[in-house]
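Each chain, letter by letter, is given below.
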Amino acid sequence: MNEINSQDYANFFQEVKRRIRDRQYEALRSVNRELVLLYWEIGEQIHLKQELLGWGKAVVGTLARDLQREFPGRNGFSERNLRNMRDFYCTYSTSPIWQPMVAKISWTKNLIIMSCCKDDLEREFYLRATARYGWTKAVLQHQVDNKSYEKYLLNQTNFDATVPDEIKAQAVLAVKDRYTFDFLDLADEHSERDLEQSLVKNLRAFLSELGGAFAFIGNQYRLEVGGQEYFIDLLLFHRRLRCLVAIELKIGDFKPEHKGKMEFYLEALDCQEKMEGENPPIGMIICRYKNKTVVEYALRTAVRPIGVATYTIVPQLPDAYREQLPSPEEIAERLRLWDEQEIELD
């Protein structure tokens, strides 16, 4: 037997390991998909028997006892879960788009979305986001509690005019209108430096609140232009967009001049830091308060992609925000564009 080159074997081992993990992941996805579809079918049968044959609610309890007797030690056949299956089918059987969509995520995540969301468009948003970003149960609950749906719909960016078409829908999803930094131990009155350092100290929670595939590059990131030094508060990288994301933190109101400063940073990053194969950098200005009309006017003349968001250190979203949401037709169009991007990015 010929002597095995150590580097060749290391590469071979890594390839075999990758294939095993890929297959294990696919097997897990397949099992999950079949389980959710089984629960759909059971819910459908319960619904049909009650509607067509007039069976009452008691049939669910009887079926639960019989199934638990037939399949001892098998979880999932409690009376409560059987009722969830019936509600699951009744909620999503109204349109053919739902069945393949719900099969992409686990049963427990489906229950969170079904019970917490108020309408079909909101459910569609969380179903798609959970499948795309691989949100865990805890992350999904956090996103629902922090009203990420509303924050996404209300976001203010100029991405439609400044971002390449192939990543436009994904870029819009990467920026919310409002962030909740309730994990920070900050007084109501704090400095921009305090805010920056606290976000870096709580980096995992911060990246989770951003809600996408962000990776941390650095804070007070140094740029040199014309022999002078400039520092970006936070520099991230978005894996799906394949671009740098510059973040400037403001503890007061958004001001039009903030846009000019961010454009300068993005120009420098594009010329000096962007690597081959990456998309142009994106800017995010996160401030304490903003006037939406002022932001709209400021972004009209911006030639670099910029989003403006606000932050709070308490977990709440004003009720008035819901009144500002786009129309159902506009929301459906956004999700349709997202679906087109999903095919390209998966």
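Placed above this text is the structure.
Calculation criteria
Residues numbered from 1 in each chain as written. Predicted model: local features only at pLDDT ≥ 70, side-chain atom pairs only at ≥ 80, totals over all residues. Heavy atoms only, no water. Helix = DSSP H or I, 4+ residues; strand = E, 2+ residues; numbered from the N terminus. Buried < 20%, exposed > 50% of the residue type's maximum accessible area, 1.4 Å probe, protein only. Contact = heavy atoms within 4.5 Å. Phe/Tyr/Trp six-rings, centres within 6.5 Å; stacked < 30°, edge-to-face > 60°. Salt bridge = Lys/Arg side-chain N within 4 Å of Asp/Glu carboxyl O.

## Overview of the overall build of the protein chain
Check the secondary structure of the protein chain and you find 16 helices and seven strands. For the protein chain, with 346 residues in total, the buried portion stands at 45%. Considering only residue pairs separated by 6 or more positions, the protein chain has 66% of its internal contacts joining residues 24 or more positions apart.

## Things to note about the packing of aromatic side chains
Enumeration according to the criterion identifies 15 aromatic pairs in this entry. With centroids separated by 5.5 Å and ring planes inclined at 85°, the aromatic side chains of Trp40 and Tyr89 adopt a geometry described as edge-to-face. Of this pair, Trp40 sits in helix α1 (residues 6–52) while Tyr89 sits in helix α3 (residues 79–92), and the two are 49 residues apart along the sequence. Both residues of the pair, Trp40 and Tyr89, count as buried. A centroid spacing of 6.3 Å and a plane angle of 15° characterise the contact between Tyr179 and Phe181, whose relative ring orientation is stacked. Using a relative accessible area of 0% as the deciding quantity, one classes Tyr179 as buried. A relative accessible area of 0% means that Phe181 is categorised as buried.

## Some words on the pattern of salt bridges
Within the structure shown, the criterion is met by 21 salt bridges. Glu209 is the salt-bridge partner of Lys176, the closest N and O atoms lying 3.9 Å from each other. Of this pair, Lys176 sits in the loop between α10 (168–173) and β2 (178–180) while Glu209 is found in helix α12 (residues 203–210), placing the two residues 33 residues apart along the sequence. Classification of Lys176 by relative accessible area gives buried; the value is 5%. The partner of Arg300 in a salt bridge is Glu296, with the nearest N and O atoms 3.0 Å apart. Note that Arg300 and Glu296 are positioned in helix α14 (residues 292–300) at a spacing of four residues, about one turn of the helix. Judged by its relative accessible area of 40%, Glu296 is partly exposed.

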